[in-house]
Amino acid sequence: MYYLIFVTIVWSFSFSFIAVHLSGQVDTWFAVVMRVLLAFITFIPFLRFKGISVKQMVLLMGVGACQLGIMYFFYYNSFQYISVPEVLLFTISTPIYVTLIYDFLQGHRLRLVYLLTAVIAVIGAAVIRYDHISRDFIIGFLLIQGANMVFALGQVGYKRIMELYPLPQHQAFAWVYLGAILVASIGWFLFGNPEKLPTTQLQWGIIIWLGVVASGLCYFLWNYGATKVDSGTLAIMNNLVIPTGILVNVIIWHQSIDWGRFALGSAIIISALILHHKFKKLEAN
């Protein structure tokens, strides 16, 4: 749990750094490539070929391709359409994806009642920004949902891999980052814009921080923490970044939000979470 809390605090700053200093200024695919490349370099000393099967390598690289490669593409592009608070609010559905995907990978039947809580949570987010719904709003929402799905798939997949094929996690994660690099490199080669590279020391500094700390260290700690808790706790922790991220955005960058709508929408979202946990308790009994 402590690993997950630490990572949440670090990640709460990433949203604003990307929105203020990178989004629309630095090519999305370049930012993704550099971020996962720096993370991989951080873990190169732990890369091992002995004691790990080809199947494990491929599975771990698949985790990286989803959780870091594809997810970052959706995530970075969303900032071009919606604000930081909206990005944070739309991640509310991630815990539902975590629960459903984990059940599916374990061979359990999908519990459709959990989808109801996801819909209620989305309604809560819509209440906060209903008066500004636009084409950009919808595109941003869909991009974040894509990011949520592949992020959930990656962390749940990693948890299952460690349950089925346990190995030292600091060695395993080098393969995760390698998978992310392959996807990000292909994306950069096909869609990258070499004319939109970082132009300031601040932009380079943020990319280095995001790559080494927010990705390299924190994704390892997050996934390591995911293997130490149950799927329900993991799902809940995915939402802790929402209030912390909004708080950072408001206090440091003085962004304004409609606190009345925010309070009402947040109450609906919290109700969705409470309902979700009630369903889980009833099922456990």
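Up top is the structure these notes are about.
Keep in mind that what you see is a predicted model, and the values were worked out from it rather than measured.

It is worth spelling out helix α9 (residues 201-226) at this point. Counted at 1.5 Å a residue, the expected span for α9 with its 26 residues is 38 Å, and the 35 Å between its end C-alpha atoms agrees. Of all bends in α9, the biggest is about 35°, found at Cys-218.

What follows is about the pattern of salt bridges. The full count for this structure, using the stated rule, is 2 salt bridges. Between Lys-159 and Glu-163 there is a salt bridge, and its shortest N-O distance comes to 3.8 Å. A residue pair is termed a helical-turn pair when its members lie 3 or 4 positions apart in one helix, as Lys-159 and Glu-163 do in helix α7 (residues 135-164) at 4 residues. Taking the relative accessible area as the measure of exposure, Glu-163 reaches 37% and is therefore partly exposed. For Glu-163, the salt bridge is made with Arg-160, and the minimal N-O distance between the two is 2.6 Å. You can see Glu-163 and its partner Arg-160 sitting in helix α7, 3 residues apart, about one turn around the helix.

Under the defined criterion, the tally for this structure stands at 2 cavities of 30 Å³ or more. Within this model, the largest cavity holds a volume of roughly 310 Å³. Every residue lining the largest cavity is counted, 18 residues in all, and those nearest its centre are Trp-11, Phe-15, Thr-91, Phe-151 and Tyr-219. Counting residues per element, the ones that place at least two in the lining of the largest cavity are α1 (2-22), α3 (54-78), α7 and α9.

Among the secondary structure elements, Cys-66 is positioned in helix α3. A residue is classified by how much of its surface remains accessible, and Cys-66, at 17% relative accessible area, is buried. Spatially, the C-alpha atoms of Cys-66 and Thr-91 are 16 Å apart, while their sequence positions differ by 25 residues.

This part is about the packing of aromatic side chains. Using the criterion set out here, one finds 27 aromatic pairs in the structure. Seen in terms of ring centroids, Phe-43 and Phe-220 are 5.3 Å apart; in terms of plane orientation they differ by 55°. Their pairing is tilted. Within this pair, whereas Phe-43 is found in helix α2 (residues 28-43), its partner Phe-220 is found in helix α9, the two being separated by 177 residues in sequence. We classify Phe-43 as buried; its relative accessible area is 6%. A relative accessible area of 14% means that Phe-220 is categorised as buried. Each member of the aromatic cluster is reached from another via a ring pair, and the members are Tyr-3, Phe-43, Phe-46, Tyr-158, Phe-173, Tyr-177, Phe-220 and Tyr-224.

Conventions and cut-offs
Residues numbered from 1 in each chain as written. Predicted model: local features only at pLDDT ≥ 70, side-chain atom pairs only at ≥ 80, totals over all residues. Heavy atoms only, no water. Helix = DSSP H or I, 4+ residues; strand = E, 2+ residues; numbered from the N terminus. Expected span 1.5 Å × (residues − 1). Bend = angle between axes of the 7 residues up to and from the residue. Salt bridge = Lys/Arg side-chain N within 4 Å of Asp/Glu carboxyl O. Buried < 20%, exposed > 50% of the residue type's maximum accessible area, 1.4 Å probe, protein only. 1 Å grid on protein atoms, 1.4 Å probe; cavity = no way out; pocket = protein on both sides within 12 Å on 5 of 7 lines; lining within 4 Å. Points joined across faces, edges and corners; volume = space filled by probe spheres on them. Phe/Tyr/Trp six-rings, centres within 6.5 Å; stacked < 30°, edge-to-face > 60°.

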